[in-house]
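Survey of secondary and tertiary structure
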4 protein chains.
Amino acid sequence: MKKIKVGIIGATGYAGVELVRLLSLHPQTQLTALSSVSYEGKKISEVYPNLKCICDDTLQNEDIIDKCDVIFTSLPHGLSEKFAGKCLAKGVKMIDLGADFRLDSAEEYTKWYGKKYEDEALHTKSVYCIPELHRANYTGQPIIGNPGCYPTSIALGLAPAIKLAVDNTIVIDSKSGVTGAGRGLADNTHYPNCNEAFAPYKVASHRHTPEIEQTLSKLCGKKVNVTFVPHLLPVNRGIVSTIYFNVNKPVTVKELREIYADFYKNEKFVRVLELGEVANLRNVKYSNYCDISLHFDEHTNRAIVVSTIDNMVKGAAGQAIQNMNIMFGLEEASGLDYIPPAF
Amino acid sequence: MKKIKVGIIGATGYAGVELVRLLSLHPQTQLTALSSVSYEGKKISEVYPNLKCICDDTLQNEDIIDKCDVIFTSLPHGLSEKFAGKCLAKGVKMIDLGADFRLDSAEEYTKWYGKKYEDEALHTKSVYCIPELHRANYTGQPIIGNPGCYPTSIALGLAPAIKLAVDNTIVIDSKSGVTGAGRGLADNTHYPNCNEAFAPYKVASHRHTPEIEQTLSKLCGKKVNVTFVPHLLPVNRGIVSTIYFNVNKPVTVKELREIYADFYKNEKFVRVLELGEVANLRNVKYSNYCDISLHFDEHTNRAIVVSTIDNMVKGAAGQAIQNMNIMFGLEEASGLDYIPPAF
Amino acid sequence: MKKIKVGIIGATGYAGVELVRLLSLHPQTQLTALSSVSYEGKKISEVYPNLKCICDDTLQNEDIIDKCDVIFTSLPHGLSEKFAGKCLAKGVKMIDLGADFRLDSAEEYTKWYGKKYEDEALHTKSVYCIPELHRANYTGQPIIGNPGCYPTSIALGLAPAIKLAVDNTIVIDSKSGVTGAGRGLADNTHYPNCNEAFAPYKVASHRHTPEIEQTLSKLCGKKVNVTFVPHLLPVNRGIVSTIYFNVNKPVTVKELREIYADFYKNEKFVRVLELGEVANLRNVKYSNYCDISLHFDEHTNRAIVVSTIDNMVKGAAGQAIQNMNIMFGLEEASGLDYIPPAF
Amino acid sequence: MKKIKVGIIGATGYAGVELVRLLSLHPQTQLTALSSVSYEGKKISEVYPNLKCICDDTLQNEDIIDKCDVIFTSLPHGLSEKFAGKCLAKGVKMIDLGADFRLDSAEEYTKWYGKKYEDEALHTKSVYCIPELHRANYTGQPIIGNPGCYPTSIALGLAPAIKLAVDNTIVIDSKSGVTGAGRGLADNTHYPNCNEAFAPYKVASHRHTPEIEQTLSKLCGKKVNVTFVPHLLPVNRGIVSTIYFNVNKPVTVKELREIYADFYKNEKFVRVLELGEVANLRNVKYSNYCDISLHFDEHTNRAIVVSTIDNMVKGAAGQAIQNMNIMFGLEEASGLDYIPPAF
């Protein structure tokens, strides 16, 4: 079989270089072109010496679409539309790891990102896809909007039980490793500022909120509002979302777990833990797994779901590859057999 | 003025050795006797070499009460009552950093700790005291039950607004540094198991729950139930409690902050941050401060309070010294002028 | 091709579980039996939940040799000989990750490990093998003594230049992540004791010293003595050895680098960095690579070599698999295509 | 007694804010003026929220000399001379925490720092002072050059034995916490780049080398050359220097330790550990102590000294205050009673 020619625009961002790492071992793809405006002309292994002798490709400017069957864009919001238009024109598929193809509503996009969609028609040709929840929605669209990291952990953690949740009782307390903040230097990611430190940020105002609510509302069949508070965790990788909600009918924790186990019974990448176990990011890091543990506070009638993923794999590059596999009719798990290390 | 003669029973536990550190510089006390059953006969500076040349006292057996004006007990639950009885008999004051003098209800104690109070009368002679909330309750009792670390961060974070909270909407997501788990070796505190890891533990079943609810119920004048989930944070020190609740009357975040600022206006150790600031454990570590920031999620009508302390200082040894100062009529902040370092 | 049936004795130690992780994806092996005396009857994924749904094999007692083509032993020193004898009797190959088949000299073994070889003849049937240096020594021996982690980083870092070193000028300052201390709970690996801490240990008295000197002496053709000081580094994985020696003839740093580049020109797993680059453990972790950078202090005529590996991969399980590949005539890099992540 | 009026120029750098923390509790000083060109007009507690309610002083421009009895300058090299001239003109004392008053030789300064002394005469009025080694050199000079962090750990670690060291055998392998790199954002101090990472930097080319050799040469009475390699350690604070040298006459490790114990017998801030103990940065952090442990490798005739300090206290702000105490005839340890915490 001819290998799929893959290009990455934004290859030196954190999601970009993670794509390089994962795709280098994908059996059905060929890394064809890497683009980086900041480092054009340099080898990627000069920017990321971990890749030395593994991928020494030279970083190119943005004109790489022609050479590829599929383009991954990993760019700040507002920059992907331009490439989507070009890909569409040339019949090249595109998977966007940024925020530009996640929200259905142009108004919501403008409200949260402060920009307008420049070409609204483009967005009718894309589909948002967390594979475990939305793979049926993929019907050949040329563009896939790859989900955000927090929304992935949360949607997978709430989907099986969303109809059990009492309106307006959902509280989501998420914690993310520092790679979630990306490669750019900033005060809050300067080592002495985040080591031995911990705090929330963008309290109840993070841009992933509308994406979370969009997914949950569709699953629930009515508007779902959530309180979402992210925190910066002094680890490199991983997200843990602790999700709280009251239940609208009597349910035991055992029944709750069965609902989840049943919902995900055919899913390779979602592991519903046994009762008594607790999801821990150490068990998923460097892998495409999402671990979910179920708990129940009887004295307040509140369910508690703990959902954890590696923000750079299931929360970004891994899920994007999973989406690529869907797009090209490959085995969905192809190239994603990463085993989380014990330490 | 004659210095207060202080003894510590359980001096080699984490709270014990933190007491040694803080009391060594207290201007009105004299460290008179340190007891440790595990290390009797050794110098404390052999067990904790940071104390070399600072406190080289030899660790003694438990018979130190006679020599002291006040005894701090820092022991696993169930072991303090014995010493309380002896202190009482000899007219020596006692401050217990363990769990034995925190709960009013013997039934609750038995339910959560699996033991009975052996001498219920003793408990009528003790008082539970978070100074900022309960100092008026101290009326000469010979025993003070020093509060738990999580309950301190939570009670201070909720006290000013507890009457604003809609019943059964309080969710508390707390995160604690690893010293909270104490000195004993355990799998979950083995470095490779908690470094680059994160998870909750004792989900909705932590023993601090009844203590939290006891304090909040008294403040509120009716039974308050909360969902409380602690997490283990890969840092040495500090607790962050992110507290969520719906409000029972319209309130802006500005008004909310004013309520807190007013409530704590005379408190040295509680800093109510400005709107827009976020409480971060790095700003309180190694100090007796509690930092509180206020937030509001308008679209769900939910207040969010972030409260952070150093679990070993304001959450244990520092607060115990604050209580000792109250007990002996000293300036409440005496010996607690620790400035949190910037890094 | 029929897959090689692999058994692991000591599967729940750190090197053991790392073998499980790496061998699970090896294209030519089949994990046939896992043994653990501490956890017999449990699934390995109960002990290491990262393996859930990936390897749920039940841990067995030690009688697994019959079922296997090759046994990896990963045990405290003194326990492997017994299994070596059994393997030999049954024609099963064995790779020992412990210390029992590393030293040629029974006297040295006794001096450093405080035990005697029980069956000296066994040791004549084994070979010590860092593949890049010793693969020619493998001539069908049934037992391979897999090298220690520190000795691997050091031997690879010194081999090309050992004849350039002035006698008795070699100083090796090594730093290892905490997994190097293994799975057993200990005071010095309790999180609050090693986080935000750093110190050497076993100064000039570590058991890897004779193994280091044995390898270097053979390479040099005369007895080589080194000063070796290991340090405990607050990271999970990785070793950095900073190696100092005076040179016995004029050499520029450029020439020094060429000597190394030439020596390792056909080696996949050793990357000799460009001048100006510095070897960093972050670029090799989770992989079988050894990165080496060369430096020279002209004003003291001293060469400085920085050599870094992942202690659990190239320093243990990865190198053991490399040795297994040699033993079975497979492609030496088979199953070891792990790409070090950027973060 | 009238308090000494202290000003800090460069108050928002890491050494500057550490001075603020330590001086806030000094019994004989009054923080009179804080200057920061980057943050003029802001409160220092807005830049460093740990100082909220403790020091809310407004940051000023550089014209603060008139108001003060002593100025601490904590600035990048090349910027302190200007202030030294002004201080001298106005009879204000100055302690420079930067590099400009450390080297005797203008040539060496130019070679390593790429700048010339603008006013050589100024440098005849300053004195370099590690108090334990040089306090006798202070004879009223108006300017003190405060030593660098690495040189402090190394000079204290070598001073007692420098005459025992064989020429050209000294190798110094130092490891520093990330605050040593300062407050400025940089790739190598971006959290995901230095967490779970470790490497040397500026191998045998660090600017502290001439300062180290200057001090050792004076102590030894002849030119001493050393190989010095610093490493970046993933902790916030602390330096560990592992120092190797061959001895020029027979000495046991016990004798070696006695030489050190005797040399430092009257020094409060240097703790010579017992044989068998190992200096660990965790025991000195947040304090002005230097811990030293002695070791000997008999089979190579090499002494090994481990010396550890807190780079921000004994390596910067604490030692600067110690020097201020000398300058003003105060008790040398005044205001420096910081006890290193156990964790």
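So, a few notes on the structure that sits alongside this text. Every value quoted in this text rests on a predicted model; they were computed, and no experiment measured them. (Residues numbered from 1 in each chain as written. Chains lettered and ligands numbered in written order. Predicted model: local features only at pLDDT ≥ 70, side-chain atom pairs only at ≥ 80, totals over all residues. Heavy atoms only, no water.)

It is worth spelling out the relation of the copies chain C and chain D at this point. Mapping chain C onto chain D is achieved by rotating through 180° and translating by 0.0 Å along the same axis, at an RMSD of 0.0 Å. Expressed as a symmetry operation, the mapping of one chain copy onto the other fits a two-fold axis. When you check the interface residues of chain C against chain D, 100% turn up at the interface there too, and the contact is symmetric in its surfaces. (Least-squares fit on C-alpha atoms with pLDDT ≥ 70 in both. Contact = heavy atoms within 4.5 Å.)

Our next topic: the sheet that holds strand β12 (residues 290-297) of chain A. All names here are of chain A. Sheet architecture is open: 7 strands sit in the order β8-β9-β7-β10-β13-β12-β11, paired in mixed fashion. Strands at the two margins of the open sheet, each flanked by one partner only, are β8 (199-200) and β11 (270-272). When β8 meets strand β9 (residues 227-232), the two strands line up antiparallel, connected through 2 bridges. Residue pairing in the sheet places A199 in a bridge with L232 of β9. With respect to the sheet, helix α10 (residues 253-263) is in contact with β11, β12 and β13 (302-309), its orientation differing from that of β12 by roughly 155°. (Pairing = 2+ DSSP bridges. Helix = DSSP H or I, 4+ residues; strand = E, 2+ residues; numbered from the N terminus. Axes fitted to C-alpha atoms, helices over the stretch in contact; angles between N-to-C directions.)

Under the counting rule described, the total for this entry stands at 80 salt bridges over all chains. The partner of A:E258 in a salt bridge is A:K254, with the nearest N and O atoms 3.4 Å apart. Highlighted residues: A:E258 and A:K254, both in helix α10, separated by 4 residues, approximately one helical turn. Among the residues examined, A:K254 registers a relative accessible area of 52% and is labelled exposed. In this structure, D:K223 and D:E213 form a salt bridge, with 3.0 Å as the shortest nitrogen-oxygen distance. Here the residue D:K223 occupies a position in the loop between α9 (208-220) and β9 (227-232), and D:E213 occupies one in helix α9, the gap between them amounting to 10 residues. Judged by its relative accessible area of 56%, D:K223 is exposed. One continuous salt-bridge network, built from bridges that share partners, spans A:E18, A:R21, A:R237 and A:D310. (Salt bridge = Lys/Arg side-chain N within 4 Å of Asp/Glu carboxyl O. Buried < 20%, exposed > 50% of the residue type's maximum accessible area, 1.4 Å probe, protein only.)

Counting from both sides, the interface comprises 47 residues of chain C and, opposite them, 48 residues of chain D. Between chain C and chain D, a total of about 3,600 Å² is buried, with carbon and sulfur atoms accounting for 57% of that surface. Among the ionic pairs, D:D173 bridges to C:K175, the shortest N-O distance being 3.2 Å. Linking chain C with chain D are 33 residue pairs in polar contact (both at pLDDT 80 or more). Elements with a minimum of two residues in the side of chain C that touches chain D: β7 (171-176), α8 (191-194), β8 (199-200), β9 (227-232), β10 (239-246), β12 (290-297) and β13 (302-309) of chain C. (Buried area = accessible area lost by both parts, 1.4 Å probe. Polar contact = N/O pair within 3.5 Å; in protein donor to acceptor, adjacent residues only side chain to side chain.)

Next up on the list: unusual backbone geometry. With the exception of glycine, the majority of residues adopt a negative phi angle, and the majority of peptide bonds are in the trans configuration. Positive phi is not limited to glycine here, since C:N168 has a value of about 60°. Relative to the helices and strands, C:N168 is located in the loop between α7 (149-158) and β7. For D:Y286, which is not glycine, the phi dihedral falls at a positive 65°. Position of D:Y286 relative to the elements: it lies in the loop between β11 (270-272) and β12 (290-297).

This part takes up the relation of the copies chain B and chain A. Overlaying chain B with chain A gives an RMSD of 0.0 Å, the required rotation being 180° about an axis along which the chain moves by 0.0 Å. Mapped onto chain A, 100% of the interface residues of chain B again fall at the interface, so both copies present the same surface.

Mapped onto the elements of the fold, C:I339 is located in the segment after α11 (313-327). The sequence separation of C:I339 and C:L51 amounts to 288 residues, and the corresponding C-alpha distance is 20 Å. Those residues in contact with C:I339, other than ones at most four positions away along the chain, are A:R21, A:S24, A:L25, A:L51, A:I54 and C:S287.

Another aspect to go through is the interface of chain B and chain A. The partner chain A presents 47 residues to the 47 residues of chain B that form the contact. Both faces combined, the contact of chain B with chain A buries some 3,600 Å², and carbon together with sulfur accounts for 56% of it. On the surface where chain B and chain A come into contact, there are 2 salt bridges. Taken together, chain B and chain A are joined by 34 residue pairs in polar contact (both at pLDDT 80 or more). Elements represented by at least two residues in the side of chain B that touches chain A include exactly β7 (171-176), α8 (191-194), β8 (199-200), β9 (227-232), β10 (239-246), β12 (290-297) and β13 (302-309) of chain B. A class-by-class count of the residues in the side of chain B that touches chain A yields 24 nonpolar, 14 polar and 9 charged. (Nonpolar A, V, L, I, M, F, W, Y, C, P; charged D, E, K, R; others polar.)

The subject of this paragraph is the pairing of strand β3 (residues 70-73) of chain C. Residues and elements named next belong to chain C. Here β3 shows no split at all, with V70 and F72 on one side and I71 and T73 on the other all buried. Pairing of strand β1 (residues 4-9) with β3, which is carried by 4 bridges, proceeds in the parallel orientation. Each bridged residue has a counterpart across the sheet, and for I9 the counterpart in β3 is T73.

Residues and elements named next belong to chain D. Among the 8 residues that make up strand β10 (residues 239-246), 8 are buried, leaving the element largely enclosed by the rest of the structure. Both faces of β10 are covered, namely the face carrying I239, S241, I243 and F245 and the face carrying V240, T242, Y244 and N246. Across 6 bridges, the pairing between strand β7 (residues 171-176) and β10 is antiparallel. Looking across to β10, one finds that K175 is bridged to V240. Relative to strand β13 (residues 302-309), β10 runs antiparallel, the two sharing 8 bridges. Across the sheet, the residue bridging to S241 is S307, located in β13.

What follows covers the packing of helix α7 (residues 149-158) of chain B against helix α9 (residues 208-220) of chain B. All names here are of chain B. Where α7 contacts α9, the axes come no closer than 9 Å and their chain directions differ by 30°. The angle between α7 and α9 falls in the class roughly parallel. Our pair here, α7 against α9, has a crossing hand that is right-handed. Contacts between α7 and α9 involve C149, Y150, P151, I154, A155 and L158 from the former and H208, E211, I212, T215 and L216 from the latter. Residues belonging to the contact of α7 with α9 are distributed by class as follows: 8 nonpolar, 2 polar and 1 charged. (Parallel < 35°, antiparallel > 145°, perpendicular 65-115°, else oblique. Left-handed = near helix turned anticlockwise from the far one by under 90°.)

To continue, consider the packing of aromatic side chains. With the rule as written, the count across this model stands at 28 aromatic pairs over all chains. Here A:F343 and C:Y14 contribute two aromatic rings whose centre-to-centre distance is 4.3 Å and whose plane-to-plane angle is 40°, an arrangement assigned as tilted. Placement of the pair is A:F343 in the segment after α11 (313-327) and C:Y14 in helix α1 (residues 14-23), with the two residues belonging to separate chains. The same class applies to A:F343 and to C:Y14, which are both buried. (Phe/Tyr/Trp six-rings, centres within 6.5 Å; stacked < 30°, edge-to-face > 60°.)

This next bit is on the sheet that holds strand β5 (residues 126-128) of chain C. All names here are of chain C. If you walk across this open sheet you meet the 6 strands as β2-β1-β3-β4-β6-β5, and the pairing is parallel. Strands at the two margins of the open sheet, each flanked by one partner only, are β2 (29-35) and β5. Taking each pair of neighbouring strands and ignoring which way they run, the sheet shows an average axis angle of 20°. As paired elements, strand β4 (residues 93-96) and strand β6 (residues 143-145) share 3 bridges and run parallel to each other. From the neighbouring strand, D96 faces β6, where its bridge partner is G145. With respect to the sheet, α11 is in contact with β1, β2, β3, β4 and β6, its orientation differing from that of β4 by roughly 155°.

Here we come to the side chain of B:D100. Residue and element names in this part refer to chain B. Here D100 shows up in the loop between β4 (93-96) and α4 (106-113). We note that D100 is buried and unpaired, the nearest opposite charge coming from K115 at a distance of 7.3 Å. A polar atom in the side chain of D100 sits 2.7 Å from the backbone nitrogen of G78. A distance of 2.8 Å separates polar atoms of two side chains, one belonging to D100 and the other to Y109. Excluding residues that lie within four positions of it along the chain, D100 makes contacts with H77, G78, L79, S80, E81, Y109, Y117 and H123. (Lys, Arg positive; Asp, Glu negative; His and termini not counted.)

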